[in-house]
Amino acid sequence: EHPDQRQELIDDPSLIPNAYNEILRMEAPVQGLSRTTTCDVEVRGVMIPADSKVHMLFASANRDERTWGDDADQFDIHRDHSVGHLSFSQGPHYCMGAFLARVQGRVVFEELLARMPGYEIDTTNLTRIPSAFVRGWDELPISVG
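Colleague: Could you give me a rundown of the overall build of the protein chain, with the residues and numbers involved?
Modeller: Counting its regular elements, the protein chain contains five helices and six strands. Along the chain direction, N to C, the helices and strands of the protein chain fall in the order α-α-β-β-β-β-α-α-α-β-β. Projected onto its principal axes, the C-alpha positions of the protein chain cover 55 × 30 × 30 Å. Once local pairs closer than 6 in sequence are excluded, the contacts in the protein chain between residues at least 24 apart make up 53%. One way to put it: in the protein chain the 13 positive side-chain charges average out to a point 6 Å from where the 23 negative ones average out.

So this is what it looks like as C-alpha cells:
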C-alpha cells in the first residue's frame, strides 16, 4: 500500500527494524486480551471495581492520537517508536517471544526486499481470518514477477 516507503526500505535496509515496529503497530497480530482486575483501579477518572472483566484493545491503543499524534492512522516507517506500541503487550504480560519475533520479522523483510523487491500482493480476493482477537489473512497470494 506504500510503494514509496517500500522503496526507501530497499534503498536503505537499516530502516527495516523501525518499519517493522510500524507494521506491528498498524497490524498488531493480537488485537486485544481480556483480564480480571484484582483490586479497584481508576483509569482516566473512571473507577473499575475489583473482579471486573476488562478487555484491553491493543489495536486501538496503537492508534491512539494522545500517544501517536494527529496522524496515528497513517503508516510511517519513520515514526518515533520510543513510546512503544502495545503489539506485544507490556509489563508482566509482555510477550516472551517479542525479541525473537522482531529478529525474524527483520530478517524476513531484509531477505524479501533484497531477493524480490518487486513482489506484489493480489488484493482482489483477500479475506481476514474470522477472529475478534487475532488479525491475519486466510491467504496472501503474492507474485514475485
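Colleague: Requested: an account of helix α5 (residues 98-115), with residues and values cited.
Modeller: With 18 residues, α5 should cover 26 Å at 1.5 Å per step; its first-to-last C-alpha distance of 26 Å lies within 8% of that length. Of all the residues in α5, the buried ones are Ala98, Ala101, Gly105, Leu112 and Leu113. The arc that holds the buried residues of α5, viewed along the axis, is 90°, so those residues lie on one side. Exposed residues on α5 whose side chains face more than 90 degrees from its buried face are Phe99, Ala114 and Arg115.

Colleague: Account for the packing of helix α2 (residues 16-26) against α5, with residues named and values stated.
Modeller: Orientation of α2 relative to α5, taken along the N-to-C sense of each, is 115°, at an axis distance of 9 Å. Taken as axis vectors, α2 and α5 run roughly perpendicular relative to one another. Crossing of α2 against α5: the hand is right-handed. From α2, Ile16, Pro17, Tyr20, Asn21 and Ile23 reach across to α5, where they touch Ala101, Arg102, Gly105, Arg106, Phe109, Glu110 and Leu113. When grouped by side-chain class, the residues that make up the contact of α2 with α5 number seven nonpolar, two polar and three charged.

Colleague: Tell me about the layout of surface pockets, residues and numbers included.
Modeller: Take a probe with the size of a water molecule and roll it over the atoms, and the empty space left behind shows itself. Size it by volume and the largest pocket reaches roughly 1300 Å³. Every residue lining the largest pocket is counted, 31 residues in all, and those nearest its centre are Glu1, Ile23, Glu27, Tyr119 and Ile121. Mapped onto the lining of the largest pocket, the elements with two or more residues apiece are α1 (3-11), α2, α5 and β5 (120-121). Split by residue class, the lining of the largest pocket holds 19 nonpolar, five polar and seven charged. For the second largest pocket, the lining is made up of 28 residues, of which Val43, Val54, Met56, Leu57 and Leu86 are closest to its centre. For the lining of the second largest pocket, the element with the most residues is strand β4 (residues 53-57), which contributes four residues. When the residues that make up the lining of the second largest pocket are grouped by side-chain class, the tally is 12 nonpolar, 12 polar and four charged.

Colleague: Can you explain a nonpolar patch on the surface? Please cite residues and give values.
Modeller: A contiguous nonpolar patch, built from Ile121, Trp137, Leu140, Ile142 and Val144 and spanning about 420 Å² of accessible area, is present on the exposed surface. Relative to the helices and strands, Ile121 is located in strand β5.

Colleague: I'd love a proper account of the packing of aromatic side chains, names of residues and values included.
Modeller: Here a ring pair, both rings aromatic, is described through the centre-centre distance and the interplanar angle of the planes. Taken as a whole and judged by the stated rule, the model has two aromatic pairs. With 6.0 Å between their ring centres and 50° between their planes, Tyr20 and Phe109 make a pair best called tilted. Within this pair, whereas Tyr20 is found in helix α2, its partner Phe109 is found in helix α5, the two being separated by 89 residues in sequence. Taking the relative accessible area as the measure of exposure, Tyr20 reaches 14% and is therefore buried. With a centroid separation of 6.5 Å and 70° between ring planes, the pair formed by Phe88 and Tyr94 is classed as edge-to-face. The class for Phe88 is buried, based on a relative accessible area of 11%.

Reading the values: rules and limits
- Residues numbered from 1 in each chain as written.
- Predicted model: local features only at pLDDT ≥ 70, side-chain atom pairs only at ≥ 80, totals over all residues.
- Heavy atoms only, no water.
- Helix = DSSP H or I, 4+ residues; strand = E, 2+ residues; numbered from the N terminus.
- Contact = heavy atoms within 4.5 Å.
- Lys, Arg positive; Asp, Glu negative; His and termini not counted.
- Charge placed at Lys NZ, Arg CZ, Asp CG, Glu CD.
- Expected span 1.5 Å × (residues − 1).
- Buried < 20%, exposed > 50% of the residue type's maximum accessible area, 1.4 Å probe, protein only.
- Arc of directions from axis to C-beta.
- Axes fitted to C-alpha atoms, helices over the stretch in contact; angles between N-to-C directions.
- Parallel < 35°, antiparallel > 145°, perpendicular 65-115°, else oblique.
- Left-handed = near helix turned anticlockwise from the far one by under 90°.
- Nonpolar A, V, L, I, M, F, W, Y, C, P; charged D, E, K, R; others polar.
- 1 Å grid on protein atoms, 1.4 Å probe; cavity = no way out; pocket = protein on both sides within 12 Å on 5 of 7 lines; lining within 4 Å.
- Points joined across faces, edges and corners; volume = space filled by probe spheres on them.
- Patch = residues over 30% accessible without salt bridge, like charges linked within 9 Å, V, L, I, M, F, W, Y side chains within 5 Å.
- Areas by Shrake-Rupley, 256 points an atom, 1.4 Å probe, with all protein chains shown as cover.
- Salt bridge = Lys/Arg side-chain N within 4 Å of Asp/Glu carboxyl O.
- Phe/Tyr/Trp six-rings, centres within 6.5 Å; stacked < 30°, edge-to-face > 60°.

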